[in-house]
Amino acid sequence: MCGVIGFVGDEASPEFFYNGLKRLEYRGYDSAGIAMLSHGQMYIERAEGKLSALEKKLVHLPLKTSLGMGHTRWATHGKPSEANAHPHKSGNIVILHNGIIENYKEIKSFLQENGYVFESETDTEVAAHLLHYEFHKNTILLSPLENMKRSIFALVSRIRGAFAFGIICTDIPDVLFAVKYGSPLVLGLSDTAHYMASGIAALVEHTRSILIMEDREIAYLTAKNKEIVTFEGVPVSRKPIHVSWAASMLEKNGYDHFMLKEIHEQPQAIAQTINGRIDKSTGEIDLQSYGIHHIPLKNINRIQLIACGTSYYAGILARYFLESHTKIPVEVELASEYRYRTCTVNEHTLCIAISQSGETIDTLQAIRYARTHGAHTLAVVNAPGSSIAHHCHDESLIYAGPEVGVASTKAFVAQVTSLIILGLGIAQTQNIMTSTQIAAVCEQLVHIPYLVEKTLSLSSSIEKMAAKLIHLKSVLFIGRGPQYPVALEGALKLKELSYIHAEAYAAGELKHGPIALIDDEMYTVCLAPRDSYYEKTMSNIEEIRARGGKIISIGTTGDHELKQLSDEFIEVEPCAEMILPFLTTVPLHLLAYWIALKKGHDVDQPRNLAKSVTVE
Ligand code: F6R
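Remember, predicted model here, so these are calculated numbers, not experimental data. (Residues numbered from 1 in each chain as written. Predicted model: local features only at pLDDT ≥ 70, side-chain atom pairs only at ≥ 80, totals over all residues. Heavy atoms only, no water.)

A. Up close: the pairing of strand β12 (residues 217-221). Counted residue by residue, β12 has five buried out of five residues, so it is predominantly covered. A two-sided burial pattern is seen for β12, the buried positions comprising Glu217, Ala219 and Leu221 on one face and Ile218 and Tyr220 on the other. Pairing of β12 with strand β13 (residues 226-230) involves five bridges; the strand directions are antiparallel. When the sheet's bridge partners are listed, tyrosine 220 is paired in β13 with glutamate 227. Between β12 and β13, which pair antiparallel one after the other, the connecting turn spans four residues. (Buried < 20%, exposed > 50% of the residue type's maximum accessible area, 1.4 Å probe, protein only. Helix = DSSP H or I, 4+ residues; strand = E, 2+ residues; numbered from the N terminus. Pairing = 2+ DSSP bridges.)

B. Local environment of the nonpolar core. Ranked by internal contacts, the top residues of the largest apolar core, which has 97 residues, are Leu350, Ile352, Leu422 and Phe477. Residue assignment places this core across two domains, with domain 2 (260-455) and domain 3 (467-598) each supplying three or more. Excluding residues within four positions of it along the chain, phenylalanine 477 makes contact with Ala487, Gly490, Ala491, Leu494, Ala502, Glu503, Ala504, Tyr505, Thr524, Val525 and Leu588. (Core = buried A, V, L, I, M, F, W, Y, C linked by side-chain atoms within 4.5 Å. Domains from an automatic or database assignment. Contact = heavy atoms within 4.5 Å.)

C. Fine view of helix α19 (residues 580-598). Taking 1.5 Å as the rise per residue, α19 with 19 residues should run 27 Å; its terminal C-alpha atoms sit 28 Å apart, in good agreement. With its phi angle positive at about 85°, glycine 600 sits one or two positions after the end of α19. (Expected span 1.5 Å × (residues − 1).)

D. Structural view of the site of the ligand. The environment of the ligand is made up of 15 residues, and the closest members are Ser311, Ser355, Ser357, Thr360 and Glu496. Lysine 493 is positioned such that a nitrogen or oxygen atom in its side chain is 3.0 Å from an oxygen atom of the ligand. Protein chains bury 91% of the 410 Å² of accessible surface belonging to the ligand in isolation. Those elements that place two or more of their residues in the shell around the ligand are α9 (309-326) and α16 (483-498). Class assignment of the residues belonging to the shell around the ligand gives a composition of five nonpolar, eight polar and two charged. Split by domain, the residues of the shell around the ligand number at least three in each of domain 2 (260-455) and domain 3 (467-598). (Near = heavy atom within 4 Å. Polar contact = N/O pair within 3.5 Å; in protein donor to acceptor, adjacent residues only side chain to side chain. Areas by Shrake-Rupley, 256 points an atom, 1.4 Å probe, with all protein chains shown as cover. Nonpolar A, V, L, I, M, F, W, Y, C, P; charged D, E, K, R; others polar.)

E. Quick peek at the environment of histidine 294. Looking at where histidine 294 falls in the secondary structure, it is placed in the loop between α8 (287-290) and β18 (302-307). Within the local environment of histidine 294, its side chain forms a polar contact with the backbone oxygen of histidine 393, the two atoms lying 3.2 Å apart.

F. Region of the structure containing the packing of α9 against helix α13 (residues 410-429). Contact geometry of α9 with α13 gives a least axis separation of 8 Å together with a crossing angle of 25°. For the element pair α9 / α13, the angle class is roughly parallel. Crossing handedness for the pair α9 and α13: right-handed. On α13, the residues that touch Thr310, Ser311, Tyr313, Ala314, Leu317, Ala318, Phe321, Leu322, His325 and Thr326 of α9 are Phe412, Gln415, Val416, Leu419, Ile420, Gly423, Leu424, Ile426 and Ala427. Tallied by class, the residues present in the contact of α9 with α13 amount to 13 nonpolar, six polar and no charged. (Axes fitted to C-alpha atoms, helices over the stretch in contact; angles between N-to-C directions. Parallel < 35°, antiparallel > 145°, perpendicular 65-115°, else oblique. Left-handed = near helix turned anticlockwise from the far one by under 90°.)

G. Looking closely at the packing of aromatic side chains. Under the defined criterion, the tally for this structure stands at 13 aromatic pairs. On the basis of an interplanar angle of 85° and a centroid distance of 5.2 Å, the ring pair of phenylalanine 110 and tyrosine 133 is categorised as edge-to-face. Pair noted here: phenylalanine 110 is in helix α3 (residues 104-113) and tyrosine 133 is in helix α4 (residues 124-135), with a separation of 23 residues, a long-range link. Phenylalanine 110 sits in the partly exposed class, given a relative accessible area of 21%. A centroid spacing of 5.5 Å and a plane angle of 40° characterise the contact between phenylalanine 163 and tyrosine 181, whose relative ring orientation is tilted. Here phenylalanine 163, found in strand β7 (residues 161-169), pairs with tyrosine 181, found in strand β8 (residues 176-181); they are 18 residues apart in sequence, far enough to count as distant. Three or more aromatic residues joined by ring pairs form one cluster here, namely Phe7, Phe16, Phe17 and Tyr195. In this structure, lysine 108 packs its charged tip against the face of phenylalanine 118, placed 4.9 Å from the ring centre. (Phe/Tyr/Trp six-rings, centres within 6.5 Å; stacked < 30°, edge-to-face > 60°. Lys NZ or Arg CZ within 6 Å of the ring centre and 35° of its normal.)

H. Examining the sheet that holds strand β21 (residues 376-381) more closely. On the basis of which strands lie adjacent, the open sheet formed by five strands has the order β19-β18-β20-β21-β22 and parallel pairing. Among the strands making up the open sheet, the edge pair consists of β19 (330-334) and β22 (394-397). In this sheet, neighbouring strand axes are inclined to one another by 20° on average, regardless of whether the strands run parallel or antiparallel. As paired strands, β18 and strand β20 (residues 349-355) are joined by five bridges and run parallel to one another. When the bridges of β20 are listed, leucine 305 appears paired with isoleucine 352. Packing of α9 onto the sheet brings it into contact with β18, β19 and β20, and relative to β19 it is tilted by some 175°.

I. Region of the structure containing the sheet that holds strand β23 (residues 474-479). Across the sheet, five strands lie side by side as β24-β23-β25-β26-β27; this open sheet has parallel pairing. Only two strands of the sheet have a single partner each, and these edge strands are β24 (501-506) and β27 (568-572). Direction aside, neighbouring strands of the sheet carry axes that sit 15° apart on average. Across six bridges, β23 lies against β24 in parallel orientation. Opposite isoleucine 478, over in β24, you have tyrosine 505 as the bridge partner. Across the sheet, α16 is in contact with β23, β24 and β25 (523-528); its angle to β24 comes to roughly 175°.

J. How the structure looks around the domain arrangement of the protein chain. Here the protein chain is described as being made up of domain 1 (3-250), domain 2 (260-455) and domain 3 (467-598). Distance between the C-alpha centres of domain 1 and domain 2: 34 Å. Taken residue by residue, the interface counts 14 residues in domain 1 and 14 residues in domain 2. A combined buried area of about 1200 Å² lies between domain 1 and domain 2, and 66% of that area is made up of carbon and sulfur atoms. Interface area lost by domain 1 to domain 2 is led by Tyr26, Trp245 and Met249, which between them contribute 38%. Linking domain 1 with domain 2 are one salt bridge, by the criterion used here. The shortest N-O distance in the salt bridge between aspartate 215 and arginine 368 comes to 3.8 Å. When the residues that make up the side of domain 1 that touches domain 2 are grouped by side-chain class, the tally is 10 nonpolar, one polar and three charged. (Buried area = accessible area lost by both parts, 1.4 Å probe. Salt bridge = Lys/Arg side-chain N within 4 Å of Asp/Glu carboxyl O.)

K. Representation of the environment of leucine 527 within the structure. The residue leucine 527 is located in strand β25 in this model. Look at leucine 527 and you get buried, because its relative accessible area is 1%. Beyond its immediate chain neighbours, meaning those up to four positions away, leucine 527 contacts Ile478, Gly479, Gln483, Val486, Ala487, Thr537, Ile554, Thr584 and Leu588.

The following block contains the structure:
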């Protein structure tokens, strides 16, 4: 977590760093800081709390600089406070960090024995002092630049963990140092400046020419030049990528919150994910355009979907369609647990990492593990140039556009869409489905954006409903078949945004224990559109009703029976079964949004969270 931005070039203002941090605030928002070098003097301002707290301090910074850095923090070591906010300074050296230094305690003791006094509780300050120690150890024959290069090598050879560092030394006023190992870091290239950042979102308004740093690399950046070497000092040459995200995509564009905007972008996200990959008239799936270039789909006889959080739920939902279309067994794996079992993949296994950010460390580690054990690996990701994509054999972008709200919404539906297309592509390659059968599914796929768009009109009625539900302490969610992962997604959204306890169960599991929770105060959100499982789910709803439980149901338009059983009834259009989970997801995202908003919460930045989870 944490967002870092750095600049070396002709001229940058405090607002440049502040605005860059705003683009990265989704990565952490408990404190922030900016360092700017001006006329040989280092100016640092830091503030506890959201970035807006730092805004008030920008006046204390110089009007412009040719070298500076900024940081927005998600606390790991040390509580959110100004003292723990980055950047950290040790004499002439200033450093900021995204990641965790695992052996910081032992290094701290060493540095304390050598007279260093610590002002924060962070692991990062250890890196600042260690670098300072190295820099001042043996300087006689080296220029400050060569000395710093040597000191950084010494630093990275001594610390363990994950780190993306930005480093400035007042003795070297024209160089920004960027170091990457295990945490994301990209460089932005332009004619007059070089940039570094944790994510491309911070850079697209300045340059779309992005160079993705790899692990174990150090960049020495000046306004006009860049040099990249490995931790072993071997020069690296890599071409930049051109990023299509426009800065305007990172604005709220008239919506009050990014989350609401992104919920309303779900039709587009689905349509863009489909675009150019299917031909509904011939039933042909264009696997090249999908991103399959190396994986031999013909030989695949087992699929593992590996992900965290909402992306994991997208995997559970996609499994229904993948299994039904490919007839291949599909397992859905929590990335954070994946490596704790014996890995049994082989050259016939396709492991798919599903990740909006493409940076989630658990997913990254899991997919690397699967690849090392012989599986074919595919990244289904939203952010271009991500670490997860880099570590997979192939990459398929979902084209949802940048997702800024911390709670994932449009990426969920785009991920499911993408995996349905992949399933059809596998079925085509292995001759499991005829082109006529594939065309029939494609026909349904292309209708989804339109039906989701119609479902979005429920927003105002859900807003009214939400006002009545803000007092709730706990809510259950139930669904059967493809509605079960939708229930999981709905419960996650409600708890992370509104801080109301919420649990989702497969509807059939209720009677195996959770039904004991039902009383006349307990609300259950019941997903019961008219699908193959409808009657069984209705029986479960009756069971809740019989015990006095309150019911919020999401069903099909005109379902009077369900409406009568319900305290609140939300209706979605009758449609094909594959489309239904897309439609029932929309009201659940809206419900979580409106309840959280009415409770006065920050819906775009819920407490304790960060969007890109780069710690294990
Ligand atoms: C929930 C949410 C998280 C993410 C999870 C994985 O709203 O956003 O649960 O889905 O942290 O993130 P990605 O998809 O970036 O790997």
